[in-house]
Amino acid sequence: GLNLAEAGDMFAAFDDAGFVRGVAIQLSPPFGPYEGSTLYEMTMGSDTNGDILSFQYYDASNDAIYNIVDSYEFEANETQGNMIAPVYYNIEFVDLSFSNVTTSSVDINYTSNTEIAGFQFSVAGVILEDASGGDAADSGLSITEGNNTVLAFSFSGSTISAGSGTLISLEFEEINESVTLEVSDVVISGSSGTAMSSSGPVSTEIQFSASSPPPLF
């Protein structure tokens, strides 16, 4: 994966009660396979062996806090990793993409390494008529659409499981010319309620031709 570490970033460990159990310092190995890269070294403490510690990462360039997917079961005096063979920790991440593009609909697919508790995005280039289906509906999320903005969340705490599939399907007015459909202002929240890092789907070209079926009136 991509190493996100930059000057000003922070990496910290927390227990189940939310107490800080370690804050990492940045190191730059002077030799070896990671020479010149930014790595982290952290001393963690806990009251009991077997405590499960979670992690968060602060990205200074985006002023954003990301949850880490991986956790650590505390063991006194244990050492993990070094500057030659570090241990990798991964932020919660969702990748979105388009599929099944037609002149009146499109699916938005997802690949995620963690649960999705809700999402929101805006659509431009078409007149949105409906947002429904996909794993968002199958997982019990409530979906609303208005002013070309889509919002999905759960009143009961339901989530979309980690994995991949169709997130949601969009329907819009049949186009009568080629357009660029754009998705922007994407916000995806995890089970803890915090925003997750995401990429895509940005935009897709929808081509109209004389062979495209005409609008139905």
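Residues numbered from 1 in each chain as written. Predicted model: local features only at pLDDT ≥ 70, side-chain atom pairs only at ≥ 80, totals over all residues. Heavy atoms only, no water.

Engineer: Pulling in residues and values, what's your account of the packing of aromatic side chains?
Structural biologist: Summed over the entire model, instances satisfying the criterion amount to eight aromatic pairs. Consider the rings of Phe11 and Tyr57, whose centres lie 6.5 Å apart with planes at 50 degrees: the pair is tilted. Taken together, the positions of Phe11 in strand S1 (residues 10–14) and Tyr57 in strand S5 (residues 52–59) put the pair 46 residues apart, joining distant regions of the chain. Since its relative accessible area comes to 11%, Phe11 is described here as buried. The class of Tyr57 is buried, set by a relative accessible area of 6%. Between Phe55 and Tyr89 the ring centres are 4.7 Å apart and the planes differ by 55 degrees, which places this aromatic pair in the tilted class. Of the two residues, Phe55 sits in strand S5 while Tyr89 sits in the loop between strand S7 (72–73) and strand S8 (93–99), which places them 34 residues apart along the sequence. (Phe/Tyr/Trp six-rings, centres within 6.5 Å; stacked < 30°, edge-to-face > 60°. Helix = DSSP H or I, 4+ residues; strand = E, 2+ residues; numbered from the N terminus. Buried < 20%, exposed > 50% of the residue type's maximum accessible area, 1.4 Å probe, protein only.)

Engineer: Got a sec to walk through the pairing of strand S9 (residues 105–112)? Specific residues and values, please.
Structural biologist: With respect to burial, S9 is a largely interior element, six of its eight residues being buried. Direction of pairing for S8 relative to S9: antiparallel, over a ladder of six bridges. Counterpart to Phe98 in the pairing with S9 is Ile108. Between the antiparallel neighbours S8 and S9 lie five residues, among them Asn100 with a positive phi of about 50 degrees. Sheet topology places S9 next to strand S14 (residues 163–172); eight bridges connect them, and they run antiparallel. The partner of Tyr110 across the bridge, within S14, is Gly165. (Pairing = 2+ DSSP bridges.)

Engineer: An account of the pattern of salt bridges is needed here, citing residue identities and associated values.
Structural biologist: Applying the stated criterion across every chain, the model contains two salt bridges. Across the pair Asp15 and Arg21 runs a salt bridge, and its minimum N-O distance is 3.0 Å. Judged by relative accessible area, which is 21%, Arg21 ranks as partly exposed. Overlapping salt bridges, with partners in common, bring together Asp15, Arg21 and Asp47 in one network. (Salt bridge = Lys/Arg side-chain N within 4 Å of Asp/Glu carboxyl O.)

Engineer: Got a sec to walk through a nonpolar patch on the surface? Specific residues and values, please.
Structural biologist: On the surface, Met10, Val20 and Val23 cluster together into a nonpolar patch covering about 270 Å² of accessible area. Mapped onto the elements, Val20 comes out in strand S2 (residues 20–23). (Patch = residues over 30% accessible without salt bridge, like charges linked within 9 Å, V, L, I, M, F, W, Y side chains within 5 Å. Areas by Shrake-Rupley, 256 points an atom, 1.4 Å probe, with all protein chains shown as cover.)

Engineer: I'd like a description of the environment of Asn62, backed by residues and values.
Structural biologist: Here Asn62 shows up in the loop between S5 and strand S6 (64–67). Spatially, the C-alpha atom of Asn62 lies 9.9 Å from that of Asp9, the residues being 53 residues apart in sequence.

Engineer: Any chance you could break down the pairing of S1 for me, citing the residues and the numbers?
Structural biologist: With four of its five residues buried, S1 lies for the most part within the structure. Pairing between S1 and S2: three bridges, direction antiparallel. The residue of S2 that forms the bridge with Ala12 is Val23. Linking S1 back to S2 in an antiparallel pair, the connection comprises five residues, with Gly18 at a positive phi of about 90 degrees.

Engineer: How would you explain the sheet that holds strand S10 (residues 118–124) if you had to name every residue and give the values?
Structural biologist: As summarised here, the arrangement of the five strands in space is S12-S13-S10-S15-S17, forming an open sheet in which the pairing is antiparallel. Looking at which strands have only one partner, the edges of the open sheet turn out to be strand S12 (142–146) and strand S17 (203–206). Adjacent strand axes in the sheet meet at a mean angle of 20 degrees, parallel and antiparallel pairs treated alike. Here S12 runs beside strand S13 (residues 149–153); their pairing, made up of five bridges, is antiparallel. Bridging from a neighbouring strand, Ile143 pairs with Ala152 of S13. (Axes fitted to C-alpha atoms, helices over the stretch in contact; angles between N-to-C directions.)

Engineer: Requested: an account of the sheet that holds S8, with residues and values cited.
Structural biologist: Overall, mixed pairing links the five strands, which are arranged S11-S14-S9-S8-S16 in an open sheet. If you trace the sheet from one side to the other, it starts and ends with strand S11 (128–132) and strand S16 (197–199), each paired once. When strand polarity is set aside, the average angle formed by the axes of neighbouring strands in this sheet is 25 degrees.

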